Amino acid sequence: MDVHKPPLAGVTVVSVEQAVAAPYATRQLADLGARVIKVERPGEGDFARRYDTTVHGNSSYFVWINRSKESLTLDLKDPRGRAVLHGLLRDADVFVQNLAPGAADRLGLGADELTRRHPRLIPCTISGYGTSGPWADRKAYDLLMQCQTGLVSLTGTPRETARTGISVADIAAGMYAYSGVLTALYTRATTGTAHPVEVSLFEALAEWMGQPAHYTRYGGAQPPRLGTQHATIAPYGTYRAADGREVLFSVQNEREWAVLCAEFLGRPELTDDPRFATGSDRVAHREELNAVIAERCARADSGELLGDLEGIGIACSGVNDVAAFLDHPVLAARDRWREVAVPGGTVEALLPPADLAGLPARMDPVPAVGEHTEAILTELGRSPEEIAALRADGVV
């Protein structure tokens, strides 16, 4: 047994994918060594390639979630294109798709049909609202999901709502698809049965809404929007220092609250103040509490405040912008950046978050549209003449 072999080496994933959710799921599989064949439209490819042009002419979204894959272009509306796809699926382990509602079934690529034709295959369907139910035919995008689940109503300030600054619904769905596929692969290996996987953006983000859902249902009102303040814990948020910079810190328990009062605020008597006796009391009297903290923070620069807080064991941080995050000392000291080739250049990309001791991370190039089409068709036994004919007819 090769202990240095990637965990998913030998696993083949075919993905008819676009946008973010499905490509994010399959990139995680590629990171672990799976062969991921990305099926794209001839000519144009995945429309996420054109979301922006900031990375050597490539989309920042596409570069982020499509490394270590092979790109095959196929017109799946053409029977010849579908024949090529089924040729791949005969020996594949996983099929992932996040096509528009109803499209997979119209193409004969629904989970039931694929299970019938390819019993060993694990089909993974990523949809907006699920493949059944009253909204099965609705299109869905990330911000729609943030609105439908109520996330937007929790994000922002008392005056206005705000979208979360990253594609949280897509990422949530992608990660649940990834973990679902891993579970299905394990189950197939141990029982011999291939179980289809289904994930919806709505239900993935609904799971992440669990805490505010419980708070609202059993507390009688939803958590308020408070900007950088935490809705249900106090103190927990940003405070302005004398130099104008913001410092964030949080108190998680009564021991930390007592330490903060005595050693940072210089007011140990506050621990006996009935307004601040418990976490719920501090939340209820947030404005009075914040006034005390703001007065203390206004007397020192941010660096001094952070040093004082760290010195007494209170979790704290300055407020970084993205450029500061890119230069974060933890990422540098832990050697988390790797160079990845992309069409037209190279980029610095972060290693996958989960380190497997002794197994190097896979950080292969981001493919150009259709870059591997000829090689894959040749692998399937197509002759140069057949490949040329398929190209001439726009099938690949």
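Right above here is the structure, for reference.
Residues numbered from 1 in each chain as written. Predicted model: local features only at pLDDT ≥ 70, side-chain atom pairs only at ≥ 80, totals over all residues. Heavy atoms only, no water.

Caption draft 1: Structural detail: the overall build of the protein. For the protein, the count of helices and strands is 17 helices and 11 strands. Sorting the 396 residues of the protein into buried and exposed places 45% on the buried side. Partitioning the intrachain contacts of the protein with sequence separation of at least 6 by distance along the chain shows that 66% fall at a separation of at least 24. Counting only carbon and sulfur atoms, one obtains 53% of the accessible surface of the protein, whose full area is about 20100 Å². Here the protein holds 39 positive side-chain charges and 51 negative ones, and the gap between their average locations is 5 Å. (Helix = DSSP H or I, 4+ residues; strand = E, 2+ residues; numbered from the N terminus. Buried < 20%, exposed > 50% of the residue type's maximum accessible area, 1.4 Å probe, protein only. Contact = heavy atoms within 4.5 Å. Areas by Shrake-Rupley, 256 points an atom, 1.4 Å probe, with all protein chains shown as cover. Lys, Arg positive; Asp, Glu negative; His and termini not counted. Charge placed at Lys NZ, Arg CZ, Asp CG, Glu CD.)

Caption draft 2: Inspection of helix H3 (residues 79-89) at higher detail. The set of residues buried in H3 consists of Gly 81, Val 84, Leu 85, His 86, Gly 87, Leu 88 and Leu 89. Contact partners of the buried residues in H3: strand S1 (12-16), strand S2 (35-40), strand S3 (69-73), strand S4 (94-97), helix H5 (111-117) and helix H16 (373-379). Two or three places before Arg 80, at the opening of H3, Asp 78 has a side-chain oxygen 2.8 Å from that residue's backbone nitrogen. (Polar contact = N/O pair within 3.5 Å; in protein donor to acceptor, adjacent residues only side chain to side chain.)

Caption draft 3: Representation of helix H8 (residues 201-208). Leu 201, Ala 204 and Leu 205 are the residues of H8 that are buried. In a view along the axis of H8, the buried residues occupy a sector of 90°, so they form one face of it. For H8, exposure combined with an orientation more than 90 degrees from the buried face picks out Glu 203 and Glu 207. Of the surrounding elements, those touching the buried residues of H8 are helix H1 (21-31), strand S5 (122-127), helix H6 (142-148), helix H7 (168-191) and strand S6 (197-200). (Arc of directions from axis to C-beta.)

Caption draft 4: Focus on the side chain of Ser 127. Structurally, Ser 127 is set in strand S5. For Ser 127, a relative accessible area of 15% corresponds to the buried category. Ignoring any residue separated from it by four or fewer positions in sequence, one finds Ser 127 in contact with Glu 198, Val 199, Ser 200 and Leu 201.

Caption draft 5: Inspection of the pattern of salt bridges at higher detail. Applying the stated rule across the entire model yields 25 salt bridges. Note that Arg 267 is salt-bridged to Glu 269, the shortest N-O span being 3.1 Å. We classify Arg 267 as partly exposed; its relative accessible area is 33%. Accessibility expressed as a relative area gives 43% for Glu 269, which makes it partly exposed. Notably, a salt bridge pairs Asp 335 with Arg 338, separated by 3.4 Å at the nearest N-O pair. Judged by its relative accessible area of 44%, Asp 335 is partly exposed. (Salt bridge = Lys/Arg side-chain N within 4 Å of Asp/Glu carboxyl O.)

Caption draft 6: Expanded view of the pairing of strand S7 (residues 236-240). The pairing of S7 with strand S8 (residues 246-250) spans 5 bridges and is classified as antiparallel. Within S8, the position partnered with Thr 238 by the bridge is Leu 248. Here S7 folds back onto S8, and the loop between the two strands holds 5 residues, one of which, Gly 244, carries a positive phi near 90°. (Pairing = 2+ DSSP bridges.)

Caption draft 7: Spotlight on the packing of H7 against H8. Contact geometry of H7 with H8 gives a least axis separation of 8 Å together with a crossing angle of 95°. With respect to each other, H7 and H8 are oriented roughly perpendicular. Residues Val 168, Ala 169, Asp 170, Ala 172, Ala 173 and Tyr 176 of H7 pack against Leu 201, Ala 204, Leu 205, Glu 207 and Trp 208 of H8. Its residues assigned to classes, the contact of H7 with H8 shows 9 nonpolar, no polar and 2 charged. (Axes fitted to C-alpha atoms, helices over the stretch in contact; angles between N-to-C directions. Parallel < 35°, antiparallel > 145°, perpendicular 65-115°, else oblique. Nonpolar A, V, L, I, M, F, W, Y, C, P; charged D, E, K, R; others polar.)

Caption draft 8: Representation of the nonpolar core in the model. Among the nonpolar cores identified, the biggest contains 36 residues, and Val 13 and Ile 126 are the most heavily contacted of them. Listed by contribution, the elements that provide at least two residues to this core are H1, S4, S5, H7, S6 and H8. The element best represented in this core is H7, accounting for 9 residues. Once residues lying within four places of it in the same chain are set aside, the contact partners of Ile 126 are Ala 21, Ala 22, Val 96, Gln 97, Asn 98, Ala 173, Ala 177, Val 199 and Leu 201. Core analysis: the second largest hydrophobic core is formed by 26 residues, Ala 92, Phe 95, Ile 376 and Val 395 among them. (Core = buried A, V, L, I, M, F, W, Y, C linked by side-chain atoms within 4.5 Å.)

Caption draft 9: Looking closely at the packing of H1 against H7. One way to put it is that H1 packs onto H7 with a least axis distance of 7 Å and a crossing angle of 45°. One element, H1, and the other, H7, form an angle in the oblique class. With respect to the hand of their crossing, H1 and H7 are arranged in right-handed fashion. Mapping the contact onto sequence places Ala 21, Tyr 24, Ala 25, Gln 28 and Leu 29 in H1 and Asp 170, Ile 171, Ala 173, Gly 174, Met 175, Ala 177, Tyr 178, Val 181 and Leu 182 in H7. (Left-handed = near helix turned anticlockwise from the far one by under 90°.)

What is shown is where atoms sit, not what they do.
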